[in-house]
Amino acid sequence: MITKTLNIPTDDGRADAFAAFLDDGERHPGVLMYTDAFGVRPVLEKMACDLAENGYFVLVPNLYYRHGPAPVLELPEHIGEEIRPAVIGQLMPLIETHTTERALRDADAYLGFLTTQPEVSDGPFAVVGYCIGAALAIRTAAANPDQVAAVAGFHPGFLVTDESDSPHRLVSKVAAQVYLGLSENDMSLEAMNELTKAFDAAGVGYTTEIYPGTIHGYSMSDTDAFNPSALQCHWDRLLPLLAGTLVDS
């Protein structure tokens, strides 16, 4: 396994990103992995490595690079519920400045970067996102339908909003297969109905699933929300999706 920190040129500077891929001299399908709100940290790096072990080149960008290299905030080793509100409070200004326009410019840079890497095979990419990263994944797929063949979102946030560019309003532009693994408290029934109606109307191939007994953040082992069986279910859904949609040339 090779792991490294890369610097990706963007319209607004250089984004630092964690990358993981097998040291086997082969080219591997590219996977863009968007973090949750807490950003790049050891748990995300381990997940990237775990995915890379299955034969993928995994790129995990620092969403907040405009404010400095990761970690932009010094996070505790474990983000317990007692400190979560304070940490989110510190992150909210960064999240709010990561506008849709900026996110799409960054997505172009990340996908463009993947196409230039000698370890990355030709063909389509996958985009995986956690929490706010799931919304970024759908936005990226909608803006780049010719490049993104698979989208996976886990304990997603902000998929259905009142904004004119809400992710659920963009799915008609998505050409990828979509999988969403939700916790029991990620979305209201009304929002879920809006989302499925949008997918159905667009004719997008999608699967949505609620993981029983979970709360938002279930895949992150450094939080109180962590659920080991749900994390395994996440792998059981993600790996077949990628294997069925990405072709290694």
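Every residue gets a number counted from 1 within its own chain, in the order that chain's sequence is written. Where totals are concerned, whole chains, interfaces and linings use all residues; where local detail is concerned, this predicted model gives features only for residues with pLDDT of at least 70, and gives and counts side-chain atom pairs only at 80 or more. The side-chain values count all of the structure's non-hydrogen atoms but skip hydrogen atoms and water molecules.

Q: Tell me about the pattern of salt bridges, residues and numbers included.
A: Any Lys or Arg side-chain nitrogen located within 4 Å of an Asp or Glu carboxyl oxygen qualifies as a salt bridge. Applying the stated criterion across every chain, the model contains 11 salt bridges. In this structure, D165 engages R139 in a salt bridge whose closest nitrogen and oxygen atoms are separated by 3.8 Å. With a gap of 26 residues between them, D165 in the loop between strand 6 (148-154) and strand 7 (177-182) and R139 in helix 4 (residues 132-143) connect regions that are remote in the sequence. Burial classes follow relative accessibility: with a 1.4 Å probe on protein chains only, a residue under 20% of its type's maximum area counts as buried, one over 50% as exposed, and anything between as partly exposed. The class of D165 is partly exposed, set by a relative accessible area of 26%. Classification of R139 by relative accessible area gives buried; the value is 13%. Salt bridges sharing common partners tie together D12, R66, E101, R105 and D106. Elements are defined by DSSP. Helices are runs of H or I of four residues or more, strands are runs of E of two residues or more, and each kind is numbered from the N terminus.

Q: Describe the packing of helix 1 (residues 42-52) against helix 6 (residues 228-245), with residues and values.
A: For every element, the axis is a line fit to its C-alpha atoms; helices are fit only across the contacting stretch, and the angle between N-to-C directions ranges from 0 to 180 degrees. The contact between helix 1 and helix 6 brings their axes to 12 Å, and the two run at 45°. Classified by the angle between their axes, helix 1 and helix 6 sit oblique to one another. Relative to helix 6, the crossing made by helix 1 is right-handed. Of the residues in helix 6, those touching helix 1 at M47, D50 and L51 are L231, H234, W235, L238, L239 and L242. Its residues assigned to classes, the contact of helix 1 with helix 6 shows 7 nonpolar, 1 polar and 1 charged. Orientation categories follow fixed angle ranges, with anything under 35 degrees roughly parallel, anything over 145 roughly antiparallel, 65 to 115 roughly perpendicular, and all other angles oblique. Handedness of each helix crossing follows the sense of rotation of the near helix against the far helix: counterclockwise by less than a right angle gives left-handed, clockwise gives right-handed. Residues are treated as being in contact if the distance between any of their heavy atoms lies within 4.5 Å. Charged means Asp, Glu, Lys or Arg here, nonpolar means Ala, Val, Leu, Ile, Met, Phe, Trp, Tyr, Cys or Pro, and polar covers whatever is left, Gly included.

Q: Residues and numbers for the side chain of S166, please.
A: Mapped onto the elements, S166 comes out in the loop between strand 6 and strand 7. S166 gets classed as buried once you look at its relative accessible area, which sits at 0%. Separated by 3.2 Å, the side chain of S166 and the backbone oxygen of L159 make a polar contact. Ignoring any residue separated from it by four or fewer positions in sequence, one finds S166 in contact with R139, L159, V160 and T161. We call two N or O atoms a polar contact when they sit within 3.5 Å, provided that within protein one can donate a hydrogen and the other can accept it, with sequence-adjacent residues counted only if both atoms are side-chain atoms.

Q: Any chance you could break down the sheet that holds strand 4 (residues 57-61) for me, citing the residues and the numbers?
A: By this definition, two strands are paired if DSSP reports at least two bridges between them. What the 8 strands build is an open sheet, ordered 1-2-4-3-5-6-7-8; its pairing is mixed. Every interior strand has two partners, whereas the edge strands, strand 1 (2-10) and strand 8 (206-210), have only one. Across the sheet, the mean angle from the axis of one strand to that of its neighbour is 20°, orientation sign disregarded. With 6 bridges connecting them, strand 5 (residues 125-130) and strand 6 associate as parallel partners. Along strand 6, the bridge assignment pairs F125 with V148. Sheet contacts for helix 5 (residues 189-202): strand 7 and strand 8; angle to strand 8, the most-contacted strand, approximately 165°.

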